[in-house]
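# Per-entry structural report
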2 protein chains.
Amino acid sequence: MPATIREVARKADVSVATVSRVLNGSDSVRPATREHVLETAQALQYIPNETARSLSQKQTRTVGVLLPDMHGQFFAQVIQGIEEQAQAQNYHVLVSSSHSEEEEARTMIRAMLGRVDGLVIMWPKSRVPFLSETIPKGLPTILLNAPAVEGASFALNFDNRRGARNVVRHLIEHGHRRIAMLAGASENHDARERLAGYRSALEEADLAADDDYVIGGDFTRESGYEAARRVLALSPSPTALFAANDSMAIGALRGLQEEDVRVPDDLALAGFDDIPTARFMMPGLTTAHVPMRRLGERAFEHLLAVLSGEAPDDGGAETLATELIRRTSCGCPPS
Amino acid sequence: MPATIREVARKADVSVATVSRVLNGSDSVRPATREHVLETAQALQYIPNETARSLSQKQTRTVGVLLPDMHGQFFAQVIQGIEEQAQAQNYHVLVSSSHSEEEEARTMIRAMLGRVDGLVIMWPKSRVPFLSETIPKGLPTILLNAPAVEGASFALNFDNRRGARNVVRHLIEHGHRRIAMLAGASENHDARERLAGYRSALEEADLAADDDYVIGGDFTRESGYEAARRVLALSPSPTALFAANDSMAIGALRGLQEEDVRVPDDLALAGFDDIPTARFMMPGLTTAHVPMRRLGERAFEHLLAVLSGEAPDDGGAETLATELIRRTSCGCPPS
DNA sequence: CTGTTAGCGCGTTCAC
DNA sequence: GTGAACGCGCTAACAG
């Protein structure tokens, strides 16, 4: 239905090569010719067939993005970070969300093969086994929030351990000595790192790290809500609670308030991520800010770099710093 | 780098046509031949080049999705709805978020042209002028949350007006007679409809609709937070506040609580959307549930229908019902 | 500067 | 059943 380059060429009385030249801005074409071609292209409402271009240029100018199912707020921010950079470079973004199941992820990756020039995969699970088996050698791949780099071109992580340690340190500075932790799923890489950060802060302050004080959760608000009760059952009672992410902290806050526990007076609380709502909780949630959008941006930037041969393809890594955000749930005065 | 169909054919000692046949499942091929081809394809790690397939089949099996910048849960949910359906039908999703600027949207649409078989565009602004000028005739387009259907194949909306009316009615049932509204931007279609619903509920109950009681916002938490002060300055004081979306309601709740206003005792509060956090606010936020994910699913379903000729391409419309969710911010007892 | 031509990788008639 | 050959729309040498 739409006009092809050939029709434009015929109508403008030039060759397809010339049309191609003027449309791709490049080469040398006589200004008069150029203008004439441009006009007839306009008149014919000519739109280049991107599929054909991709085929002949052997590049799709598209990156595939695979994200886990959860991470509601993250989803948006990461993609927007990627998308913004991509857009600026005339690249496109093909998304697909696996449901955190290995087999499904495999399927999705296979489906994207041949449609993308590179991949960005967020895979917070501990096992990252499928990469080398599923992704063809030579397809640049950026791994997000994943424990290992094997088979990937590059890995991007937050500084979870240090961030968590800073949060817990801050709680300690407030005078707390019995600090419980609401942990994430043990097979989640971020969750493990944050737990490790918690432990190292405790150790560094010569505080006992009682395993009973580590309560299991799964990063959902619901699990945080349910954990509140278990925290209150702890003996001796902790005076502070560090949740491995804000969603759980928000769930826990709700659960605590239902039990008339005052935060931070009866129990100080801190989270991780600094999701947008954290600031609007009452009290405001102290947390570690995680640059989600930046993660997406860096992922694309680096992908583009290896795509254009400016960066090696053999597994570098980078860590993005987090920042302690003091609000009032930890006991800090309102600013 | 990857193997082509030709190599498979040569290695298997058959023609490319045969390879193509077995790979596309169809036609009649001798079982022995089929198996042999399958094996060598496997051995060569053959992966069909999707770009080439698209070119020869004149279809990309890809849908483009254009969403406004407004971050938040919506983004994720709508895309996931679309993506899930697409995945099931072996389609792909190309995303791109405009920044709510017409010109930018145009650019993004143009960039996707020739790469997609259809478009899903969310455009809550009142003016939807660019469609017919920018989108080639014949490219199926589903419009989301938009006021008009001109030039689109189909339009999908929430029942904002009815939903808002129900929320306000509920507030009235609680005995409130002075109900203020925290409205969204006036150029936003959803916001206008919700305002209209508010007004009709008031009218229906013979309550005065004082314009002073309508406070302007922009759907962000921040605008809700700032609006809280203005609500408190109203005279006579309203006894209930209806926010046009949950984000603003959450911002307002925070602002009110900072002023020691008790919700719902001093001021009842209700929102709209039922975002995941609404339930975890303290008090729980009464709101209208909006099936965001379903919106995405329906969008793809219908797009596929027109793509396969099962549905007309000439501008039908559908409205998705919302549901009143009673929590405690309106004065309802905890369940 | 510009036109001709050969692919890009695959689906698909149309003969055999 | 199977193979040869053409075409999808465009880019990229290679000639002029």
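Residues numbered from 1 in each chain as written. Chains lettered and ligands numbered in written order. Predicted model: local features only at pLDDT ≥ 70, side-chain atom pairs only at ≥ 80, totals over all residues. Heavy atoms only, no water.

## Focus on the pattern of salt bridges
Any two side chains of opposite charge can pair if their charged atoms end up close together. Residue and element names in this part refer to chain A. Just so we agree on the cut-off: Salt bridge, as applied in this entry: a Lys or Arg side-chain nitrogen positioned within 4 Å of an Asp or Glu carboxyl oxygen. What counts as a helix is a DSSP run of H or I of at least four residues, what counts as a strand is a run of E of at least two, and both are numbered from the N terminus. Working definition: with a 1.4 Å probe on protein chains only, accessible area under 20% of the residue-type maximum means buried, over 50% means exposed, and in between means partly exposed.
Under the counting rule described, the total for this entry stands at 36 salt bridges over all chains. A salt bridge links Glu 102 to Arg 106; the nearest nitrogen and oxygen atoms lie 3.8 Å apart. Here the residue Glu 102 and the residue Arg 106 both occupy positions in helix H6 (residues 102-112), the gap between them amounting to four residues, near one helical turn. Residue Glu 102 is classed as partly exposed on the basis of its relative accessible area of 25%.

## Quick word on the packing of aromatic side chains
As a reminder, the rule being used: Each pair of aromatic rings taken from Phe, Tyr and Trp, with Trp reduced to its six-membered ring, is defined by centres within 6.5 Å and is described as stacked if the planes are under 30 degrees apart, edge-to-face if over 60, and tilted in the remaining cases.
Inspection of the entire model under this criterion finds six aromatic pairs over all chains. Ring centres 6.5 Å apart and planes at 55° place the aromatic pair Phe 242 of chain A and Phe 272 of chain A in the tilted group. In this pair, Phe 242 of chain A sits in strand E8 (residues 240-243) while Phe 272 of chain A sits in the loop between strand E9 (268-270) and strand E10 (287-289), placing the two residues 30 residues apart along the sequence. Look at Phe 272 of chain A and you get buried, because its relative accessible area is 0%. Where Tyr 91 of chain B meets Phe 300 of chain B, the ring centres are 5.6 Å apart and the plane angle is 70°; that geometry is what we call edge-to-face. One end of the pair, Tyr 91 of chain B, is in the loop between helix H5 (73-88) and strand E2 (92-97); the other, Phe 300 of chain B, is in helix H12 (residues 292-307), with 209 residues separating them in the sequence. The pair Tyr 91 of chain B / Phe 300 of chain B is uniform in exposure class, with both members buried.

## Notes on the protein's contact with DNA strand C
Using the following cut-off: Whether a residue is near a molecule or strand is decided by its heavy atoms; if any one of them lies within 4 Å of it, the residue is near. We define a polar contact as two N or O atoms separated by no more than 3.5 Å, with the added condition that, inside protein, one atom must be a possible hydrogen donor and the other a possible acceptor, whereas residues neighbouring each other in sequence contribute only through side-chain atom pairs.
Around DNA strand C sit 26 residues, and of these Arg 21 and Thr 33 of chain A together with Ile 5, Tyr 46 and Arg 53 of chain B come closest. Of all atoms in DNA strand C that approach within 4 Å of the protein, 63% are sugar or phosphate atoms. In this structure, Ser 56 of chain A approaches DNA strand C through a main-chain N or O atom, which is 3.5 Å from a base oxygen. Asn 49 of chain B places a main-chain nitrogen or oxygen 3.0 Å from a phosphate oxygen of DNA strand C. Those elements that place two or more of their residues in the surface near DNA strand C are helix H2 (16-23) and helix H4 (50-57) of chain A together with helix H1 (5-12), helix H2 (16-23) and helix H4 (50-57) of chain B. Here the element with the most residues in the surface near DNA strand C is H4 of chain B; it accounts for four residues.

## A look at the protein's contact with DNA strand D
Test applied: Polar here means any residue outside two lists: the nonpolar Ala, Val, Leu, Ile, Met, Phe, Trp, Tyr, Cys and Pro, and the charged Asp, Glu, Lys and Arg; Gly therefore counts as polar.
Taken together, 25 residues are adjacent to DNA strand D, and Ile 5, Tyr 46, Arg 53 and Ser 56 of chain A together with Arg 21 of chain B come closest. Protein-proximal atoms of DNA strand D, defined as those within 4 Å of the protein, fall in sugar or phosphate at a share of 68%. Measuring from a phosphate oxygen of DNA strand D, one finds a backbone N or O atom of Asn 49 of chain A at 3.2 Å. Note that a phosphate oxygen of DNA strand D is positioned 2.9 Å from one of the side-chain N or O atoms of Lys 58 of chain B. If you list the elements that add at least two residues to the surface near DNA strand D, you get H2 and H4 of chain A together with H2 and H4 of chain B. Sorting elements by how many residues they give to the surface near DNA strand D places H4 of chain A first, with four residues. Residue composition of the surface near DNA strand D, grouped by class: nine nonpolar, 11 polar and five charged.

## Examining the environment of Pro 68 of chain B
Residue and element names in this part refer to chain B. Basically, it comes down to this: Two residues qualify as a contact provided that any one of their heavy atoms is within 4.5 Å of a heavy atom in the partner residue.
Within the element layout of this structure, Pro 68 appears in the loop between strand E1 (62-67) and H5. Residues Pro 68 and Leu 119, spaced 51 residues apart in sequence, show a C-alpha to C-alpha distance of 14 Å. If we skip the residues at most four places from it in the chain, Pro 68 touches Phe 75, Ser 98, Ser 100, Met 122 and Pro 124.

## Some points on helix H6 (residues 102-112) of chain B
All names here are of chain B. Note the following rule: What the arc describes is the spread of directions from the helix axis to the C-beta atoms.
For H6, the set of buried residues is Ala 105, Arg 106, Met 108, Ile 109 and Met 112. Looking straight down H6, one finds its buried side chains confined to an arc of 165°; they lie on one side. After H6 finishes, the residue Gly 114 shows a positive phi value of roughly 85°.

## Considerations on the sheet that holds strand E2 (residues 92-97) of chain A
For clarity, the threshold we go by: Strand pairing requires that DSSP identify at least two bridges connecting the strands. Angles here are taken between N-to-C directions and fall from 0 to 180 degrees, while the axes themselves are lines fitted to C-alpha atoms, restricted in helices to the stretch in contact.
Read across the open sheet, the 12 strands follow the order E11(A)-E5(A)-E4(A)-E3(A)-E1(A)-E2(A)-E2(B)-E1(B)-E3(B)-E4(B)-E5(B)-E11(B); overall the sheet is mixed. Only two strands of the sheet have a single partner each, and these edge strands are strand E11 (316-320) of chain A together with strand E11 (316-320) of chain B. Ignoring which end each strand starts from, the neighbouring axes of this sheet average 20° apart. Strand direction decides the pairing type here: strand E3 (residues 118-122) of chain A and strand E4 (residues 141-144) of chain A, joined by four bridges, are parallel. Residue Ile 121 of chain A lies in a different strand from E4 of chain A, and its bridge partner there is Leu 143 of chain A. Packed onto the sheet, H12 of chain B meets E1, strand E3 (118-122), strand E4 (141-144), strand E5 (154-158) and E11 of chain B and runs at close to 165° relative to E5 of chain B.

## Concerning empty space enclosed by the protein
Applicable threshold: Put simply, the grid is 1 Å and covers the protein atoms alone, a cavity is a trapped set of points that fit a 1.4 Å probe, a pocket is an open set with protein on both sides within 12 Å along at least five of seven lines, and lining residues have an atom within 4 Å of a point. Grid points are joined across faces, edges and corners, and a volume is the space filled by probe spheres set on the points.
In total, this model carries five cavities of 30 Å³ or more according to the counting rule given. Forming the boundary of the largest cavity are 16 residues, of which Thr 51, Thr 62 and Arg 115 of chain A together with Thr 62 and Arg 115 of chain B lie nearest the centre. Those elements giving two or more residues to the lining of the largest cavity turn out to be H4 of chain A together with H4 of chain B. Considered class by class, the residues forming the lining of the largest cavity number two nonpolar, 10 polar and four charged.

## Regarding the interface of chain A and chain B
You'll often see interface size given as the accessible area lost when the parts meet. Quick reminder of the rule: Throughout, buried area stands for the accessible area (probe radius 1.4 Å) lost by two parts on being put together, summed over both.
Taken together, the contact between chain A and chain B spans 51 residues of the former and 52 residues of the latter. Of the roughly 4600 Å² buried between chain A and chain B on both sides combined, carbon and sulfur atoms contribute 60%. The largest contributions to the chain A side of the interface with chain B come from Arg 115, Arg 254 and Phe 280 of chain A, which together make up 15% of the buried area. We note a salt bridge from Glu 222 of chain B to Arg 279 of chain A, for which the minimum N-O separation is 3.2 Å. Where chain A packs against chain B, one counts 17 residue pairs in polar contact (both at pLDDT 80 or more). Looking at the side of chain A that touches chain B, the elements with two or more residues in it are H4, helix H5 (72-88), E2, H6, helix H10 (221-233) and helix H11 (246-258) of chain A. When residues of the side of chain A that touches chain B are assigned to their parent elements, the largest contribution, nine residues, is made by H5 of chain A. When its residues are assigned to classes, the side of chain A that touches chain B shows 21 nonpolar, 18 polar and 12 charged. Taken together, the three bridges between E2 of chain A and E2 of chain B define a ladder with antiparallel strand orientation. Bridge pairing in E2 of chain B places Val 95 of chain A opposite Val 93 of chain B.

## Quick look at the relation of the copies chain A and chain B
Both copies of the chain are related by a screw-like operation: a rotation about an axis and a shift along it. We count it as follows: Our superposition of the copies is a least-squares fit, built on the C-alpha atoms of residues whose pLDDT is at least 70 in both.
The two copies are related by a screw operation: chain A maps onto chain B through 180° of rotation and 0.0 Å of translation along the axis, at an RMSD of 0.1 Å. Given the turn and translation reported, the copies of this chain are related as if by a two-fold rotation axis. Minimal C-alpha distance to the rotation axis in chain A is attained by Leu 94 of chain A, lying at 2.2 Å. Counting the interface residues of chain A, we find that 100% of their copies in chain B are interface residues as well, pointing to one common contact surface.

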